[in-house]
Amino acid sequence: MSSTMVRPVLENPLSQNPHLLSWIEECAALAKPEKIVWCDGSQEQNEAIMADGLRDGVFHRLNQEKLPGCFYHRSNSNDVARVEHLTFICTPTKEEAGPTNNWMAPADAYAKLRQLFDGAMKGRTMYVVPYVMGPIGSPMAKIGIELTDSIYVVINMGLMTRMGKPALDMLGNSDDFNRGFHSLLDVNPDRRYICHFPQDNTIWSIGSGYGGNVLLGKKCLALRIGSHLGRQEGWMAEHMLILGVEDPRGETTYVGAAFPSACGKTNFAMLIPPKRFEGWKVWTVGDDIAWMKPGPDGRLWAINPEAGYFGVVPGTNYSSNPNAMRSIQRNTIYTNVGLTPDGDVWWEGKDGDVPEEMLDWKGNPWKKGSTEKAAHPNSRFTAPMTNNPVLSPHANDPQGVPISALIFGGRRSDTVPLVTQSFNWVHGVYMGATMGSETTAAATGAVGIVRRDPMAMLPFCGYNMGDYFSHWLHMANLIKYPPKIFQVNWFRKGTNGRFLWPGFGENMRVLKWIVDRAHGRAGAWETLLGWVPKQQDFDLSGLGIPLEDVDEAQSIDHEAWKKELEDQGKFFEQLGDRVPKELLLQRELLLARLNRG
Ligand code: OXD
Ligand code: MN
């Protein structure tokens, strides 16, 4: 083996930043790649890297007539979702990571992973992937560099972030960048760790190729490290979509909404208003993550740090999300869906006929009528946001968009009403903090069990959850005109097990009430849970479902709420003594209202 293979020289570096160069040297000395390639983000280089991916079988070319610029990827079948049990927050003390995170002492984590990284890239190429989270030049944007041996990561980072030379130009000679180090190693769950070092602005991820574990800009930097930075710097990193609602007069109101993984954030962010709402439009700013900071005008301003969508494929169709369907017809990566003989893709819930036969997500022959799923329930598309027909014209604005309302929503078949407005900011924070949701396939583990998922951040909060709640409460002091806070539940079921609310585009009706309330324009009734729409302020005309269903979706079941509060109490106990007193008192107040009947 030549010496350059052991200690690769940095040939033609795209940057002379000494901090960057010495860190790359250090990582290369450990992982020992054969070659180092700097990603400049150019189309030419992307095509060359994709050609290598096709040659190595990482990607398959899809039918280019049907799906121009689209490629197919099949992941290792042991590696199809985020692995929360292998995800660690490595703060100096366990207390800082808090009871909802796995913790490892930084020195132990570095030592353990250093052993795994040692020689992990032998014979492979190490790609240097510079990227910006947020619009280029935005004062809210952050720079990350990911070193990876995965072509899948390089191509996906190119879609999901502002990747390439502009990131290096923005970085200049600064030391202020996130250091992300990733290797597939042998894609073995026994040697899989996703470790975050908030104090070092560093992420080490090894042994996985799944998006949520390895596209380090997304969950790792934009949420886990981001939430830590936000607390230090006075802003918020949230698991929220951002959308703009334009009314027929042309006024646009921006809303952020937190839903747990695979609960329809992408659908909501791309919503098409039903016929009844002629002249209304919804614009997508982001579908998964919001960074929000108080602006000089006293409002809360939000950017979407991402540049693409990494969405759940099954269930996506021209009824559930026409704009997502239009977004994934070109220049899209499909991961773990079914592959038809003519090079097209298929998944459960796709429009049209079920193909007679295809290869399933594992590459096994699949026949119509099979009880196996052709697409993995967490199969994904990666598409650039510029494909979205309703992309907000303000998605690239460096200062972001002003937020008037925040929405929390879980997947609950019972208990939680369709829509409620909080009495005030603290009550709204309590609504978010006590959010529960039935688990989905986005993470490994049992599906369909209610788990508390505060602000949809349970798997993504990079520090102690109690301190995170305090940060939320503290933010009210920094925002002169705080957004109004709402809770929604699209998933409530009737006694016969059917959904009470049609969801999808019809969620516009709820959204309109929220927007009107945010502007102080619509009426509401006070209930023990918060404010709910008055009949005349909630446009249900032409909805096509019995109004009794809507009433049932909005009803408050006192017995269910007593149980709910018990469960919330247990959750707060688990979180320990860092839960702010104000939130414990909110629960007490609600309990008192409930007991009064
Ligand atoms: C995602 C997730 O991929 O939340 O967005 O898991
Ligand atoms: Mn998400």
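Above: the structure in question.
In this convention, every chain numbers its residues from 1, walking through the sequence in written order. The order in which chains are written sets their letters, starting at A; the order in which ligands are written sets their numbers, starting at 1. At least 70 in pLDDT is required for a residue's local features to be given in this predicted model, at least 80 for side-chain atom pairs to be given and counted, and no such filter applies to totals for whole chains, interfaces and linings, which use all residues. The side-chain figures draw on all heavy atoms in the structure; neither hydrogens nor water molecules are used.

S.K.: Lay out the overall build of the protein chain with the relevant residues and their values.
M.R.: Starting at the N terminus, helices and strands are each numbered in turn, a helix being any DSSP run of H or I of at least four residues and a strand any DSSP run of E of at least two. Scanning the protein chain for helices and strands turns up 17 helices and 31 strands. Its C-alpha atoms give the protein chain a radius of gyration of 24 Å, within 12% of the compact-globule value 25 Å for 597 residues. Expressed as a percentage of the 597 residues in the protein chain, the buried residues total 60%. Contacts between residues were defined by any pair of non-hydrogen atoms, one from each residue, lying within 4.5 Å. Within the protein chain, contacts between residues separated by at least 24 positions form 72% of all contacts whose residues are at least 6 apart in sequence. Here the protein chain holds 60 positive side-chain charges and 66 negative ones, and the gap between their average locations is 2 Å. Two things to know: the radius of gyration comes from C-alpha atoms, and the globule rule equals 2.2 Å times the number of residues to the power 0.38. Only protein chains enter the accessibility calculation, which uses a 1.4 Å probe. A residue is then buried if its area is under 20% of the maximum for its type, exposed if over 50%, and partly exposed in between. We score Asp and Glu as negative and Lys and Arg as positive, and we do not count His or the chain ends. By convention, the point assigned to a charge is CZ for Arg, NZ for Lys, CD for Glu and CG for Asp.

S.K.: Quick one: what's the story with the coordination of the manganese ion (ligand 2), residue by residue and with numbers?
M.R.: On the protein side, the manganese ion (ligand 2) has Lys219 (NZ), His239 (NE2) and Asp288 (OD) as donor atoms, found 2.2 Å from it. For His239, a relative accessible area of 0% puts it in the buried group. Atoms of type N, O and S within 2.8 Å of a metal are treated as its donors, and for Na, K and Ca the window is 3.2 Å; water is not considered, so some sites may appear to be missing partners.

S.K.: Residue-level account of the sheet that holds strand S24 (residues 380-384), with values.
M.R.: Sheet strands pair via backbone hydrogen bonds, and the direction of the pair is either parallel or antiparallel. Two strands pair under a simple rule: DSSP has to find at least two bridges between them. Strand order in the open sheet formed by five strands is S2-S3-S19-S24-S18, and the pairing between neighbours is mixed. The open sheet terminates on both sides in strands that have one partner only, identified here as strand S2 (60-61) and strand S18 (308-312). Bridge count for S18 against S24 is five bridges, and the pairing is antiparallel. Bridged to Gly311 within S24 is Phe381.

S.K.: Before we move on, could you go through the site of ligand 1 and cite the residues and values that matter?
M.R.: Around ligand 1, the structure places Arg82, Lys218, Lys219, His239, Ser261, Asp288, Phe310, Arg380, Ala442 and Phe460. Two N or O atoms form a polar contact when they lie within 3.5 Å of each other; inside protein one atom must be a possible hydrogen donor and the other a possible acceptor, and for residues adjacent in sequence the pair counts only when both atoms belong to side chains. Between ligand 1 and the protein, one listed contact pairs an oxygen atom with a side-chain N or O atom of Lys219 at 2.9 Å. His239 is positioned such that a nitrogen or oxygen atom in its side chain is 3.3 Å from an oxygen atom of ligand 1. All accessibility values rest on the Shrake-Rupley procedure with a 1.4 Å probe; residue burial counts only the protein chains present in the view. Coverage of ligand 1 by the protein chains reaches 96% of its 210 Å² of free accessible surface. Residue type decides the class: Asp, Glu, Lys and Arg count as charged, Ala, Val, Leu, Ile, Met, Phe, Trp, Tyr, Cys and Pro as nonpolar, and the leftover types, Gly among them, as polar. Classifying every residue of the shell around ligand 1 gives three nonpolar, two polar and five charged. Only heavy atoms are used to decide nearness, and a residue is near a molecule or strand if one of them lies within 4 Å of it.

S.K.: Any details on the nonpolar core? Residues and values, ideally.
M.R.: We define a nonpolar core as any set of buried Ala, Val, Leu, Ile, Met, Phe, Trp, Tyr and Cys residues linked to one another through side-chain atoms lying within 4.5 Å. Counting residues in hydrophobic clusters, the biggest one holds 87 residues, and the most contacted among them are Trp291, Met292, Met455, Tyr468, Phe469, Trp472 and Leu583. The element best represented in this core is helix H6 (residues 151-160), accounting for eight residues. If sequence neighbours within four positions are ignored, Phe469 has contacts with Val429, Ala433, Pro454, Met455, Phe572, Leu575, Val579, Pro580 and Leu583.

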